[in-house]
Amino acid sequence: MPELPEVEVVRRGLAAHVVDHVIASVLVKHPRAVRRHELGGDDLAARMSGLRVEGAHRRGKFLWLTFDDPDPALVVHLGMSGQMLVQPTSAPLEKHAHIVAALDNSTQLRFVDQRTFGGWSLHGLVDVDGSRLPESVAHIARDPLDPEFDTEAVVARIRGKSSEIKRILLDQTVISGIGNIYADEALWRAGIHGERIAAKLTRPALRRLLAQVRAVMTAALDAGGTSFDALYVNVNGNSGYFERSLAVYGREDRACRRCGAVIRREKFMNRSSFSCPRCQPRPRR
């Protein structure tokens, strides 16, 4: 699943090309793309048709559009391979274009999803901590790039956890937007091994870690996100290039950019973790 920088790149593209335009019609071409919408594709298409897009929003990895109708929000689940492409009406339809929304400016917003893990669904909006969020996103914590992100409150919450710090970083109810890639990168930057117990880390260490989380995701955002293949692209179909700047993730058996030690790969939560044995010593058992 794309992480915060990749989703923010898509959000910005939607804000530039879709906001303030009316959805003339919606065609659902694959039922899996609307499986999270309980009333089905016909209902989603009927409710969206004629609405003007008023905003493109994000919290952590979660993306949604709001309309001039105050009730529904379109929550977009990108899954592993979902793309939100803005194309001219005349452009050939992509093989895996599962939803096509025609806009009032002779363009189409297309949801393209090769692996069919993503989709669209409509949800009501609720008030949560001073923000209007879709009901399905209401449990998601603020992310480090949110202007109202409270570092000290998050540090206090993390220090109350007895789990490994990487597990906490991946918990979207504690801090959102971070996935496996940026967790590994931030931990390397902060010099902390992901298996360190959160409650045993000092407040200064956690402040340093959160600062590095913010720094690495800001750098990735400036680079257009991280693209390992052609599946993650922005609304124009372009890939990000932060993959060139990764310090540890995916660099097993290569030299640490800081100290020269060999990067190691370990199993963690059914996925791979990458770290430097010298910069990030493993905690004592």
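Residues numbered from 1 in each chain as written. Predicted model: local features only at pLDDT ≥ 70, side-chain atom pairs only at ≥ 80, totals over all residues. Heavy atoms only, no water.

Caption draft 1: Focus on the pattern of salt bridges. By the definition in use, this model includes 18 salt bridges. Here Glu148 and Arg142 are joined by a salt bridge, their closest N and O atoms 3.4 Å apart. With a relative accessible area of 13%, Arg142 lands in the buried category. Between Arg207 and Glu152 there is a salt bridge, with the nearest N and O atoms lying 2.8 Å from each other. With Arg207 in helix 6 (residues 203-222) and Glu152 in helix 3 (residues 151-159), the pair connects residues that are 55 residues apart, well separated along the chain. (Salt bridge = Lys/Arg side-chain N within 4 Å of Asp/Glu carboxyl O. Buried < 20%, exposed > 50% of the residue type's maximum accessible area, 1.4 Å probe, protein only. Helix = DSSP H or I, 4+ residues; strand = E, 2+ residues; numbered from the N terminus.)

Caption draft 2: Seen up close, the sheet that holds strand 8 (residues 119-128). Overall, antiparallel pairing links the 5 strands, which are arranged 2-3-4-8-9 in an open sheet. Where the open sheet ends on each side, the last strands, each with one partner, are strand 2 (53-59) and strand 9 (131-134). The average undirected angle you get between the axes of adjacent strands in this sheet is 35°. As paired strands, strand 8 and strand 9 are joined by 4 bridges and run antiparallel to one another. Residue pairing across strands places Val126 opposite Leu133, the latter belonging to strand 9. In the packing of helix 1 (residues 4-17) onto the sheet, contacts are made with strand 2 and strand 3 (62-67), and the angle to strand 2 comes to roughly 170°. Packed on one face of the sheet, helix 2 (residues 40-48) meets strand 3, strand 4 (72-77) and strand 8 and runs near 60° to strand 8. (Pairing = 2+ DSSP bridges. Axes fitted to C-alpha atoms, helices over the stretch in contact; angles between N-to-C directions. Contact = heavy atoms within 4.5 Å.)

Caption draft 3: Just the packing of aromatic side chains, in detail. Taken as a whole and assessed by the stated rule, the structure comprises 3 aromatic pairs. Between the aromatic rings of Phe111 and Trp120, the centroid separation amounts to 6.2 Å while the plane-to-plane angle is 55°, which identifies the pairing as tilted. Each member of the pair, Phe111 as well as Trp120, carries the same accessibility label: buried. Here the aromatic rings of Tyr182 and Phe242 are separated by 6.2 Å at their centres, their planes lie at 40°, and the arrangement is tilted. Of this pair, Tyr182 sits in helix 5 (residues 180-190) while Phe242 sits in the loop between helix 6 and strand 10 (264-268), and the two are 60 residues apart along the sequence. Above the face of the Trp188 ring, Arg258 is positioned so that its terminal group lies 3.9 Å from the ring centre. (Phe/Tyr/Trp six-rings, centres within 6.5 Å; stacked < 30°, edge-to-face > 60°. Lys NZ or Arg CZ within 6 Å of the ring centre and 35° of its normal.)

Caption draft 4: A look at the side chain of Asp184. Tracing the backbone shows Asp184 in helix 5. Owing to a relative accessible area of 2%, Asp184 belongs among the buried residues under this scheme. Excluding residues that lie within four positions of it along the chain, Asp184 makes contacts with Lys166, Val248, Tyr249, Ser272, Ser273 and Phe274.

Caption draft 5: Summary view of a nonpolar patch on the surface. Together, Met1, Met80 and Phe117 make up an exposed nonpolar region whose accessible area comes to about 300 Å². Checked against the element boundaries, Phe117 lands in the loop between strand 7 (107-113) and strand 8. For Phe117, a relative accessible area of 42% translates into the label partly exposed. (Patch = residues over 30% accessible without salt bridge, like charges linked within 9 Å, V, L, I, M, F, W, Y side chains within 5 Å. Areas by Shrake-Rupley, 256 points an atom, 1.4 Å probe, with all protein chains shown as cover.)

Caption draft 6: Quick peek at the nonpolar core. Ranked by internal contacts, the top residues of the largest apolar core, which has 42 residues, are Ile158, Ile165, Ile178, Tyr182, Ile192 and Leu209. The set of elements that each furnish at least two residues to this core consists of helix 3, helix 4 (165-169), helix 5 and helix 6. Those residues in contact with Tyr182 that lie beyond four places of it in its chain are Glu3, Pro5, Glu6, Val216, Met217, Ala220, Gly225, Thr226 and Phe242. Counting 31 residues, the second largest nonpolar core, distinct from the first, contains Ala33, Leu74, Val86 and Val235. (Core = buried A, V, L, I, M, F, W, Y, C linked by side-chain atoms within 4.5 Å.)

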